[in-house]
Structure formats: C-alpha cells, structure tokens
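One letter stands for each residue in the lines below.
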Amino acid sequence: MVSREEILGSIFRVIDLFNRQAPESERLAKSEDTVLYGPDAKLDSLGLVTLIVNTEQQIADDFGKSVSLANEKALSERNSPFRTVGSLVSYVSALITGQQDA
Amino acid sequence: MPDRPPGESSVARHYDAVTDAWQRVLGSNLHYGWFEEGDDLEAATQRLTDQMASMSPLPPGSDVLDVGCGVGTPALRLAASRGYKVTGISISSRGVDLARESATRASLAGTVRFEHLDALSTGFSDGSFHLIWLQESSHLIRDKTTLMSELYRLQRHPGQLLLCDLMLGRAIGLPEVYQRRDDLTILESVFGKVQAESIGSYGSYLAHAGFVEVETRDITEQCRPTVTWWKKNLHERRAEILRYISESDWSDFVRACDVIDRMFGEGFLTYQIMSAWKK
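In this text the structure is predicted, and so the values were computed from the model without any measurement.

**A word on the overall build of chain B**
Inference 1: In terms of regular secondary structure, chain B is built from twelve helices and seven strands.
Inference 2: Taking the principal axes of its C-alpha atoms as reference, chain B extends roughly 45 × 45 × 40 Å.
Inference 3: Considering chain B as a whole, with its 279 residues, one finds that 54% of them fall into the buried category.
Inference 4: Chain B carries 30 positive and 38 negative side-chain charges, and their two centres are separated by 1 Å.

The structure is reproduced here in structure tokens:
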C-alpha cells in the first residue's frame, strides 16, 4: 500500500527537479496548495505536461507502479485533477489503489 | 523605475546565452523574413520590417518604443528609413550591448537608444510613444493582459501599435499539448519559453486593453521560407556556430526548423501582422 505522504514525496522530488532548472521567480512551492494548472499557475501548459510525464516516471521509479496520468479524460476535465499538487496526489493515489483493487 | 530585474527570467537567460550563435543562423536581424522572389534572408528580414513600417502613417520624428528589440537591427532601420526616434528595450543584456554598438557604428546613437528593461515595468511616463512596435517579442511574454495594458498606458493618444508574431492557428487544449509535447519541447529548448496564443486571443487582449481598429494580416506563406534559410545557415556555418553552442544544441536547432515548417504546413502555427490604435 502506497501512502498519500509517499506519493506527495514523489511529487516533491519532481518539483525539486523542475525548480533546479527554473529561475527563482518561476519556482514551485512544495505544498499541497501549490496551483499547477489555470490562470494562477506558474506553469504554462507545456510545463504542466512535462511535470505530468515526470510524475509518471517518478512513481514508476519510487514504487514500481506504472500509472498513466495523461489520458484524454483527465486532460480535458473541467475539474482537472492537475489543478493543485494536492489534487494530483489524490489522483495518483486513486489510480494506484484502483490497480491494487483490480 | 522597473520593479523587477529584467535579466532574471528564463527568457532573458536564454537570449543572453544564444544571441551570438543565433546571429550566425538567423542573420543580423534575428527575425523572420517576408520573402519575395529572389530574396535572400537578409533582404527578406529587412522587407518584413519595411512592410510592417509601411502600415503606419506616423510622420518622421515620431517617438517609437521597440519592445523586445533584439540586437537592434529593426530599430536602426526605422530610424534610418523613416526618421523615427526609437527607444529599444530588451530583457537580454547581451542583445542591448550589441544593439548599442550597432547604433554607434551607424552614427544613429542620437536618435536611437537601447535600454535593458522589462516590457511589463519600463518606468516610462504615460503617453510617451506615438508608435509601439513589437516584432516577434510578444510570444515570449506570458502575461499578455498586463503587457497590452502597460503598452496602452505608454501609448500617446492617438497612437498606433504594430505587432508581428507567430500565432497559433486556433486555440489548443491540454490534450493537444500532450500529443505534441515532443515537438513543443524541442521548440522550447531552442527558442526558450514560448507563450504562443491564437489570433483570436490577441484580438481579445488588445480590445481588453482599450485598443480599437484592430486589423490582422496573415503572412505565413511570405514568412515560411525563413526556416529553410536557417537550416541552410546551420549546415553551411556549422563549424562557426559550434563555437557558441553545443553539438546537441545545433542538432536540436535543425530539428526545430523541421518542426516549425511542418507546423506552418498544418496551419497549427501561423505568422500574423496586427495593427491597433489608441484613439
């Protein structure tokens, strides 16, 4: 069972990677409240896509789980699972739990 | 005065790093060209500046703000051919240094000046300029609402804004960004963070800021040969260019040229000139 805290740790590692390459004003805070998508986000759409792809890779590295975050439904949803770090953690958690229940 | 250091953003860092190499690839103008039969890259890039300038009825002596002036070539041409008094601003300190050297060499330092400033916070007074000129700089500025509002503030009344840039042929959503991520990542690695928007979005930003009489002209076909010339220069001047960028960056640039050409062909990417007025 992968805990929410462990998933949050994985996403923080992805944010660390992003922040190492970003100028100070564009860095992301390591918080569940950090906005990832929408008008208030520091990421542009390609930045978000890159973060999603890196999160998939990080989850595979950390937990040996293959999750596909970037499906058409998730990318198109009005109530996007990518809007904050917290909602992304919940989305990843639900996908991993779904795999375990299957 | 500016409330943010202009050299701090990723765009500024990128342009400081690539300006020397880009002059060998893109030519001295650092812009796309407007090609007519028989033109080489130099003639076509000058033609784009001239065609854009011909859309302005403003007389010699008018004050012009060139936002994102690159290495200053269009600003110097506007001063020499139209008699404008031009202030060029850029967040790239390297670009500003080269532009100042060019102005001195061209004996135009009295009518053209270049400043290392951020377009979103220039510190200039309200109504400082008759003409605001953006040649391929707006796609690098993410906050276009603030940009257009600030430019409207700086615009004299009445005054004109002229803009040319790469624009998306239509609005795209996250699924398409995901689908095209490899191509878009190559473009970002070569050209820096690009905030391209659709033609409709530009119209909305301008209208929201208060600009009126917005006119748009699609010149994609006139500009498209530019990337063929970039590829030619990349191959012919490879050894010289590799003094400034790595082999891998050189290869990415070649790939980026192919990506842009394909995107032009698909109508995903277009090249537009826009004119708008403050009245």
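**Describing the nonpolar core**
Residues and elements named next belong to chain B.
Inference 1: In terms of nonpolar packing, the biggest core is built from 96 residues, with Tyr 32, Trp 230 and Phe 253 touching the most fellow members.
Inference 2: Counting residues per element, this core draws most heavily on helix α12 (residues 247-266), which supplies nine residues.
Inference 3: Once you skip the residues sitting within four places of it in the chain, Tyr 32 turns out to touch Thr 45, Leu 48, Glu 136, Leu 166, Cys 223, Thr 226, Val 227, Trp 230, Ile 260, Phe 264 and Tyr 271.
Inference 4: In this structure, Val 67, Leu 134, Ile 141 and Met 167 belong to the second largest nonpolar core, which totals 25 residues.

**Topic: the packing of aromatic side chains**
Residue and element names in this part refer to chain B.
Inference 1: According to the stated counting rule, one finds twelve aromatic pairs over all chains in the structure shown.
Inference 2: Arranged with centres 5.4 Å apart and planes meeting at 80 degrees, the rings of Phe 124 and Phe 129 form a pair that is edge-to-face.
Inference 3: Taken together through their ring pairs, the aromatic side chains of Trp 22, Tyr 32, Phe 191, Trp 230, Phe 253, Phe 264 and Tyr 271 make up a single cluster.
Inference 4: Of note, Arg 238 hangs over the ring of Trp 250, and the distance from its end group to the ring centre comes to 4.8 Å.
Inference 5: The ring centre of Tyr 152 lies 4.5 Å from the NZ or CZ of Lys 278, which sits over that ring.

**Comments concerning α12 of chain B**
Residues and elements named next belong to chain B.
Inference 1: Between its first and last C-alpha, α12 extends 29 Å over 20 residues, near the 28 Å set by a 1.5 Å rise per residue.
Inference 2: Listed as buried for α12 are Trp 250, Asp 252, Phe 253, Val 254, Ala 256, Cys 257, Val 259, Ile 260, Met 263 and Phe 264.
Inference 3: Looking at the residues trailing α12, positive phi occurs at Gly 267, about 80 degrees.

**Overview of the sheet that holds strand β3 (residues 112-116) of chain B**
Residue and element names in this part refer to chain B.
Inference 1: If you walk across this open sheet you meet the seven strands as β3-β2-β1-β4-β5-β7-β6, and the pairing is mixed. Here the strands that pair on one side only, and so sit at the sheet edges, are β3 and β6 (212-218). Taking each pair of neighbouring strands and ignoring which way they run, the sheet shows an average axis angle of 15 degrees.
Inference 2: Here strand β4 (residues 129-135) pairs with strand β5 (residues 155-168) via six bridges, running parallel. Across the sheet, Leu 134 pairs through a bridge with Leu 163, a residue of β5.

**What about helix α2 (residues 41-53) of chain B?**
Inference 1: Here α2 of chain B is 13 residues long and its end C-alpha atoms lie 18 Å apart, about the 18 Å a rise of 1.5 Å per residue gives.
Inference 2: Residues Leu 41, Ala 44, Thr 45, Leu 48, Thr 49, Met 52 and Ala 53 of chain B constitute the buried set of α2 of chain B.

**Focus on the pairing of β3 of chain B**
Inference 1: Of the strand pairs in this sheet, strand β2 (residues 85-90) of chain B and β3 of chain B are connected by five bridges, and their pairing is parallel. Bridge pairing in β3 of chain B links Val 86 of chain B to Val 112 of chain B.

**What about the interface of chain B and chain A?**
Inference 1: In this complex, chain B contributes 16 residues to the contact, which on the side of chain A involves 21 residues.
Inference 2: Between chain B and chain A lies a buried interface of about 1500 Å² when both sides are counted; carbon and sulfur atoms form 58% of it.
Inference 3: The three residues of chain B that bury the most area against chain A are Arg 142, Leu 174 and Tyr 178 of chain B, which together make up 41% of that side's buried surface.
Inference 4: For the interface between chain B and chain A, the tally reads one salt bridge.
Inference 5: Salt-bridge contacts for Asp 44 of chain A lead to Lys 193 of chain B; the nearest nitrogen and oxygen are separated by 3.7 Å.
Inference 6: The interface formed by chain B and chain A includes four residue pairs in polar contact (both at pLDDT 80 or more).
Inference 7: Among the elements of the structure, α1 (10-26), α6 (174-179) and α7 (181-191) of chain B are those that each provide at least two residues to the side of chain B that touches chain A.

**Regarding the pattern of salt bridges**
All names here are of chain B.
Inference 1: Going through the model one piece at a time under the given rule, you end up with 25 salt bridges over all chains.
Inference 2: Residues Arg 24 and Glu 240 are paired through a salt bridge, measuring 3.2 Å at the closest nitrogen-oxygen approach. In this pair, Arg 24 sits in helix α1 while Glu 240 sits in helix α11 (residues 238-241), placing the two residues 216 residues apart along the sequence.
Inference 3: Judged by relative accessible area, Glu 240 falls into the partly exposed class, the value being 31%.

**Points about the confidence of the model for chain A**
Inference 1: Counting all residues, the mean pLDDT for chain A is 90, and 97% of those residues have values of 70 or more.
Inference 2: The least confident element of chain A, judged by mean pLDDT, is helix α3 (residues 72-76) of chain A at 82; the most confident is helix α1 (residues 4-21) of chain A at 95.

**Side note on unusual backbone geometry**
Residue and element names in this part refer to chain B.
Inference 1: The residue after His 157, namely Pro 158, is reached through a cis peptide bond having omega 5 degrees.
Inference 2: Considering the arrangement of structural elements, one finds Pro 158 in strand β5.
Inference 3: For Leu 30, which is not glycine, the phi dihedral falls at a positive 60 degrees.
Inference 4: Following the sequence through the fold, Leu 30 ends up in the loop between α1 and α2.
Inference 5: Take Leu 30: its relative accessible area is 12%, and that puts it in the buried class.
Inference 6: The phi torsion at Ser 107 lies on the positive side, around 55 degrees, for a residue other than glycine.
Inference 7: Mapped onto the elements, Ser 107 comes out in the loop between α4 (93-105) and β3.
Inference 8: Accessibility expressed as a relative area gives 65% for Ser 107, which makes it exposed.

Cut-offs used in this document
Residues numbered from 1 in each chain as written. Chains lettered and ligands numbered in written order. Predicted model: local features only at pLDDT ≥ 70, side-chain atom pairs only at ≥ 80, totals over all residues. Heavy atoms only, no water. Helix = DSSP H or I, 4+ residues; strand = E, 2+ residues; numbered from the N terminus. Buried < 20%, exposed > 50% of the residue type's maximum accessible area, 1.4 Å probe, protein only. Lys, Arg positive; Asp, Glu negative; His and termini not counted. Charge placed at Lys NZ, Arg CZ, Asp CG, Glu CD. Core = buried A, V, L, I, M, F, W, Y, C linked by side-chain atoms within 4.5 Å. Contact = heavy atoms within 4.5 Å. Phe/Tyr/Trp six-rings, centres within 6.5 Å; stacked < 30°, edge-to-face > 60°. Lys NZ or Arg CZ within 6 Å of the ring centre and 35° of its normal. Expected span 1.5 Å × (residues − 1). Pairing = 2+ DSSP bridges. Axes fitted to C-alpha atoms, helices over the stretch in contact; angles between N-to-C directions. Buried area = accessible area lost by both parts, 1.4 Å probe. Salt bridge = Lys/Arg side-chain N within 4 Å of Asp/Glu carboxyl O. Polar contact = N/O pair within 3.5 Å; in protein donor to acceptor, adjacent residues only side chain to side chain. pLDDT = per-residue confidence, 0-100.

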